[in-house]
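Descriptive structure summary
What follows is each chain in one-letter form.
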Amino acid sequence: MSYYVTTPIYYVNAEPHLGHAYTTIAADVLARHMRQRGEDVFFLTGTDEHGEPVTLAAEKLGITPRELGDRHAANFKELAARVNVTNDFFIRTTDPEHAEVVAEVVQRMHDNGHVYAGTYEGWYCPRCADFKTESELDEGNKCPIHGIVVDWEKEDNWFFKLSAFQEPLERLYAERPGFVVPEIRYNEALSFIKGGLRDVSLSRARLKWGVPVPWDESQVIYVWIDALLNYYSALRYARKGEDLTDRFWPADVHLIGKDILKFHAVIWPAMLLAADIEVPRRVGIHGFLLLGEHKMSKSLGNVIDPNQVTDVYGADALRFYLMREVRFGQDGEVSPEGFELRYRNELANEYGNLASRTLAMIARYRDGVVPEAEAPEPLRADFEGLAETVQDRIDALDVSVALDEIWRRVKRLNAYVQEEQPWQLSKDPAESERLDAVLYGAAEGLRTVSVLLHPFMPESAERLLAALGREDRSLETAHFGAVPGGARVGELGQLFPKIEPAAAPAA
Ligand SMILES: [Zn+2]
């Protein structure tokens, strides 16, 4: 089975920030988990480089839009590498191959009778690159997102007959209640559709920075139409000499933030229907990370900067924190104190210490070999159905709940070791069999959670699995008791070392 997951392509008029890291990490968790299940995965991210906001930002810096695109595309690639994601391709809308597909699809929309010449008159925010209705504006004709006074625009351009797709979209939503998740966003998109769809501009007349309209080269294709098509165009040329469209289209999930819901849940499926292309299976929407005012933290200052966190604590800690702190799909607050708390209590103490203690006890009491014993019954019951639940939650894009399910077992293992007190058992030769079972149970539990944690914290999970002498991380091995004892354990070092404030760069 194939699995195709995308992030939005990031707009190159500004530097990458935590929100970009958040979406990209979530997509990577899905991609890595699906690979564990043996799926044929394609994971796409990239940059959106056309349109007015880019030309305006470039002008301000005294460089060309292409130069600005090059600069920021490099930054976004660097961010992806920093947070250790495994995208299969990085698309840029300035790729000539992308432009070809855009022209081809838009031509098809035109030939199918869904495009017409008209005059646009209305409010337009150049920073959003979006047209606004009266009701969408704040007091004084200001863009509610950018706070700037929007322009009254009048120009002849090409229109996409979005209004003609109201019924087809309502039908799509009725047939596929899981088309948009979570449900609150499904309802939001559907009520937008039911409220009546107006046609949208397909091109801009005055702008030069974009893909030319194939039948009217005096205009360029509106940046959103161009950008959305990246999900489809990438499959054509991501692999030289190979067209991956049949293998991966339609996309399984487009992950996006809630601010671009209308484009992905309304305009995008309508465009595809207009061009006789299958619509994606699902659009998954996450909430916003809220960055409130916080007191200074010793190692991170007062904001969470993805570059700094990964420099000081590593990619895994940031990945874990973002997937754990905020319920995926909802808004939630993140803070440096919250990060440090989870790093210390959960990563260092609950997971890291459990791992080092378990390995140390196996080394000391059993000469470094995991005992061959029956899986202890209470633990077996506590792990029953875990892998299935995680799989199920990930399928539902409930990523943070999947992580919570795993973490409950990490806590359970800590409690188990505490209850059984293997260091006491080791003093009594009569308890030898019991000690075997407890050590095997702890090692096997750690192995199981580490396989399941791998998509969230790939580096740490791999290190721990290697130290346990069991490196297989396919999902079918994520069952407690699936792998017998007998492995020789190795060195682990500290998975999540204590960070001294002095080790952190000055804020
Ligand atoms: Zn705006």
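The structure presented is a predicted model; accordingly, all values stated were derived computationally and were not measured.

Here we look at the packing of helix α11 (residues 306-313) against helix α12 (residues 315-325)
Axis separation between α11 and α12 bottoms out at 7 Å; the angle between their running directions is 125°. The orientation of α11 with respect to α12, classified from their angle, is oblique. On α12, the residues that touch P306, V309, T310 and Y313 of α11 are A315, A317 and L318. In terms of residue class, the contact of α11 with α12 is made up of 6 nonpolar, 1 polar and no charged.

Examining the pairing of strand β11 (residues 216-221)
Here strand β9 (residues 203-204) runs beside β11; their pairing, made up of 2 bridges, is antiparallel. Paired with R204 across the two strands is V220, which belongs to β11. Pairing analysis gives 2 bridges linking strand β10 (residues 212-213) to β11, with the strands arranged antiparallel. Residue pairing in the sheet places P212 in a bridge with V220 of β11. Here β10 folds back onto β11 in antiparallel fashion, the turn holding 2 residues.

Topic: the coordination of the zinc ion
Distances from the zinc ion to its protein donors, namely C125 (SG), C128 (SG), C143 (SG) and H146 (ND1), fall within the range 2.0 to 2.3 Å. Here the zinc ion binds 4 donor atoms, and the angle range of 100 to 116° at the metal identifies the geometry as tetrahedral. Read N to C, the donor residues that coordinate the zinc ion are spaced as C-x2-C-x14-C-x2-H.

Looking at the sheet that holds strand β7 (residues 180-181)
Reading across the sheet, the 6 strands line up as β3-β2-β1-β12-β13-β7 and stay open at both edges, with parallel pairing between neighbours. Looking at which strands have only one partner, the edges of the open sheet turn out to be β3 (89-92) and β7. As defined by bridge partners, strand β2 (residues 40-48) adjoins β3 across 4 bridges and the pair is classed as parallel. If you follow T45 over to β3, its bridge partner there is F90.

So, how was this worked out
Residues numbered from 1 in each chain as written. Predicted model: local features only at pLDDT ≥ 70, side-chain atom pairs only at ≥ 80, totals over all residues. Heavy atoms only, no water. Axes fitted to C-alpha atoms, helices over the stretch in contact; angles between N-to-C directions. Helix = DSSP H or I, 4+ residues; strand = E, 2+ residues; numbered from the N terminus. Parallel < 35°, antiparallel > 145°, perpendicular 65-115°, else oblique. Contact = heavy atoms within 4.5 Å. Nonpolar A, V, L, I, M, F, W, Y, C, P; charged D, E, K, R; others polar. Pairing = 2+ DSSP bridges. Donors = N, O, S within 2.8 Å, 3.2 Å for Na, K, Ca; no water. Tetrahedral: all angles 85-135°; square planar, octahedral: opposite > 155°, others 65-115°.

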